[in-house]
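Read off the chains here:
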Amino acid sequence: MKYIYDLTLDELKDVLKPLNAPQFRAGQIFTALHQGIPVPDITNIPKDLRVWLNENFNCNLPEIVTVQTSKDGTKKYLLAYKQNLNSERENSENLQTDLIECVLLNQNYGNTLCVSSQVGCRMGCRFCASGKNGLVRNLTAGEILAEVLLINRLNSTSTTRGVTNIVLMGSGEPLDNYDNVMQFLRLVTAPTGINISARNISLSTSGLVPQIKKFADENTQVNLCISLHAPNDELRQQIMPIAKRYTIRELVDAAKYYFEKTHRRVIFEYSLMMKDGKTFNCAVGQARELANLVRGFPAHINLINLNPLHFDANAVLTPPSREIAMTFMDAVIKNGVSCTMRKNKGDDIDGACGQLRLRHLNQLN
Ligand code: SAH
Ligand code: SF4
């Protein structure tokens, strides 16, 4: 059954045509869906239309499994999409539950929601919980959108919006689910819908070079973030399998192309890590190497301390001390590149991407 949140306004108009419902109904439904109102509660349309939608589409928003609230106000939601794998058979109990997570961060400029684009991830980065069990499936455009609609409704007041900014930084590699993510971007920026400006949206990628170029050609105003995490290919290959497919040079060239096309400054994400108690990617010489890579075009480096995996008892990767981190940041800046340190928000909860889901899966097993 098709998911109702996958539909654009025009597609909704098309499905309503055979019903001979007035044209404006499509707009009413689209707007109400984007306000996060469940279909049975869209009371400005006739009841039989609500019933018809429910019978012909999957209209379920994701279910909330748990919410963790951090001392700094960060809220982490574990959400479940349930689908009946034997939908042909009545009363079938064969439900597949797909868990994803999203995080709402309060910032002085608004509320940023970090959404997931896939259930799991197949990129297999060594330090990341999302990739630990591989990819389960891609989320559809509507499923990514429904994360935003649900959390926005839960956190909105009569005067403020629950979600003002979006980062595609939850579990999943967004550019590995390219078409659905592009459709999500069209839906979430639609003027008659939740209407979040592309400039308030950031997409983070582990560095799929051809898709970055394709994304640049889409001519959106979305901010591009690239997970670099190492200043040279040899080091990067040790923690990110994707680095064996594309070199850092190719990646930085793709980032420059993105800037030329969109005029949006590109952000490089760099998680500081120690390996076996020694600096892995955060020595002063490596700060210089990093700065040399991206100097000369409008780029910014976002540092974050590694959030160690709670489940990895044999973890060899750990975060550096504050002193090492600050010295690294100063060295990048001294070498002529704009650089800031991101605070690890929600440190006291399962902060980093994929950790809440992984904890839950481990408890189930
Ligand atoms: N798949 C995309 C987006 C999701 S991850 C990507 O990799 O870019 C969002 C960011 O968190 C990425 O920069 C990722 O490398 C980083 N990350 C993942 N696990 C982390 C951890 N344990 N500690 C610090 N950063 C982490
Ligand atoms: Fe996937 Fe990103 Fe995690 Fe790598 S860091 S495994 S690409 S979610």
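Structural notes, computed from the coordinates. Bear in mind the structure is a predicted one, so any value in this text is a computation, not a measurement.

**Concerning the overall build of the protein**
Link 1 in the chain: Helix and strand counts for the protein stand at 11 helices and 15 strands.
Link 2 in the chain: Across the 365 residues that make up the protein, the buried fraction comes to 53%.
Link 3 in the chain: Considering only intrachain contacts with a sequence separation of at least 6, the fraction spanning at least 24 residues in the protein is 68%.
Link 4 in the chain: Accessible area of the protein: about 16,500 Å², with a carbon and sulfur share of 48%.

**Quick word on the site of ligand 1**
Link 1 in the chain: Neighbouring residues of ligand 1: 18 residues in total, closest Gly172, Ser204, Ser227, His229 and Asn307.
Link 2 in the chain: Ser227 places a polar side-chain atom, nitrogen or oxygen, 2.6 Å from an oxygen atom of ligand 1.
Link 3 in the chain: A distance of 3.1 Å separates a nitrogen atom of ligand 1 from a polar side-chain atom of Ser271.
Link 4 in the chain: Its free accessible area being 530 Å², ligand 1 has 92% of it covered by the protein chains.
Link 5 in the chain: Put simply, the parts of the chain that give the shell around ligand 1 at least two residues each are strand S8 (201–205) and strand S10 (266–272).
Link 6 in the chain: In terms of residue class, the shell around ligand 1 is built from seven nonpolar, nine polar and two charged.

**Observations concerning the sheet that holds strand S11 (residues 274–275)**
Link 1 in the chain: Reading across from one edge, S12-S11-S14 is the order of the three strands in this open sheet, with antiparallel pairing throughout. Either end of the sheet is taken by a strand with one partner, and the two such strands are strand S12 (278–279) and strand S14 (317–318).
Link 2 in the chain: Of the pairings in the sheet, the one linking S11 to S14 comprises two bridges and is antiparallel in character. The residue of S14 that forms the bridge with Lys275 is Leu317.

**What about the pattern of salt bridges?**
Link 1 in the chain: Summed over the entire model, instances satisfying the criterion amount to 10 salt bridges.
Link 2 in the chain: When the shortest N-O distance is used, the salt bridge between Arg342 and Glu269 registers 3.8 Å. Highlighted residues: Arg342 in the loop between strand S15 (338–341) and helix H11 (355–364) and Glu269 in strand S10, separated in sequence by 73 residues.
Link 3 in the chain: Through salt bridges with shared partners, a single network forms among Asp98, Arg137 and Glu143.

**Topic: the packing of aromatic side chains**
Link 1 in the chain: In this structure the tally under the stated criterion is six aromatic pairs.
Link 2 in the chain: When the centroid spacing of 5.4 Å and the interplanar angle of 35° are considered together, the rings of Phe215 and Tyr258 count as tilted. Of this pair, Phe215 sits in helix H6 (residues 209–217) while Tyr258 sits in helix H8 (residues 248–262), placing them 43 residues apart in sequence. Of the two residues examined, Phe215 and Tyr258, each falls in the buried class.
Link 3 in the chain: Arranged with centres 5.3 Å apart and planes meeting at 20°, the rings of Tyr270 and Phe328 form a pair that is stacked. Remark: Phe328 occurs in helix H10 (residues 322–334) and Tyr270 occurs in strand S10; sequence separation between them is 58 residues.

**With respect to the layout of surface pockets**
Link 1 in the chain: The space that makes up the second largest pocket amounts to roughly 500 Å³.
Link 2 in the chain: In terms of lining, the second largest pocket is formed by 21 residues, of which the most central are Met1, Asn58, Lys82, Gln83 and Asn84.
Link 3 in the chain: Looking at which element gives the most residues to the lining of the second largest pocket, the answer is strand S2 (residues 75–84), with five residues.
Link 4 in the chain: Across the lining of the second largest pocket, the residue classes break down as nine nonpolar, seven polar and five charged.
Link 5 in the chain: Each of domain 1 (1–60) and domain 2 (61–364) accounts for three or more of the residues forming the lining of the second largest pocket.

**A few points about the packing of helix H9 (residues 284–294) against H10**
Link 1 in the chain: Their axes nearest at 8 Å, the elements H9 and H10 cross at an angle of 35°. With respect to the hand of their crossing, H9 and H10 are arranged in right-handed fashion. Residues Val284, Gln286, Ala287, Leu290 and Ala291 of H9 touch H10, and the partners they reach there are Thr327, Phe328, Ala331 and Val332.
Link 2 in the chain: Partitioned by chemical class, the residues of the contact of H9 with H10 number seven nonpolar, two polar and no charged.

**Structural notes on empty space enclosed by the protein**
Link 1 in the chain: Within the structure shown, the criterion is met by one cavity of 30 Å³ or more.
Link 2 in the chain: In this structure, the largest cavity is lined by Ile4, Tyr5, Leu7, Leu12, Phe30, Leu33 and His34.
Link 3 in the chain: A total of three residues in the lining of the largest cavity trace back to one element, the largest contributor, which is helix H2 (residues 24–34).
Link 4 in the chain: Each residue belonging to the lining of the largest cavity can be placed in one class, and the counts come to six nonpolar, one polar and no charged.

**Concerning unusual backbone geometry**
Link 1 in the chain: Even without being a glycine, Asn20 presents a positive backbone phi close to 55°.
Link 2 in the chain: By the secondary structure assignment, Asn20 is in the loop between helix H1 (9–16) and H2.
Link 3 in the chain: Judged by relative accessible area, Asn20 falls into the exposed class, the value being 69%.
Link 4 in the chain: Phi is positive for Asn195, close to 55°, though the residue is something other than glycine.
Link 5 in the chain: With respect to the helices and strands, Asn195 occurs in the loop between helix H5 (178–188) and S8.
Link 6 in the chain: Residue classification places Asn195 among the partly exposed positions, given a relative accessible area of 37%.

What counts as what
Residues numbered from 1 in each chain as written. Chains lettered and ligands numbered in written order. Predicted model: local features only at pLDDT ≥ 70, side-chain atom pairs only at ≥ 80, totals over all residues. Heavy atoms only, no water. Helix = DSSP H or I, 4+ residues; strand = E, 2+ residues; numbered from the N terminus. Buried < 20%, exposed > 50% of the residue type's maximum accessible area, 1.4 Å probe, protein only. Contact = heavy atoms within 4.5 Å. Areas by Shrake-Rupley, 256 points an atom, 1.4 Å probe, with all protein chains shown as cover. Near = heavy atom within 4 Å. Polar contact = N/O pair within 3.5 Å; in protein donor to acceptor, adjacent residues only side chain to side chain. Nonpolar A, V, L, I, M, F, W, Y, C, P; charged D, E, K, R; others polar. Pairing = 2+ DSSP bridges. Salt bridge = Lys/Arg side-chain N within 4 Å of Asp/Glu carboxyl O. Phe/Tyr/Trp six-rings, centres within 6.5 Å; stacked < 30°, edge-to-face > 60°. 1 Å grid on protein atoms, 1.4 Å probe; cavity = no way out; pocket = protein on both sides within 12 Å on 5 of 7 lines; lining within 4 Å. Points joined across faces, edges and corners; volume = space filled by probe spheres on them. Domains from an automatic or database assignment. Axes fitted to C-alpha atoms, helices over the stretch in contact; angles between N-to-C directions. Left-handed = near helix turned anticlockwise from the far one by under 90°.

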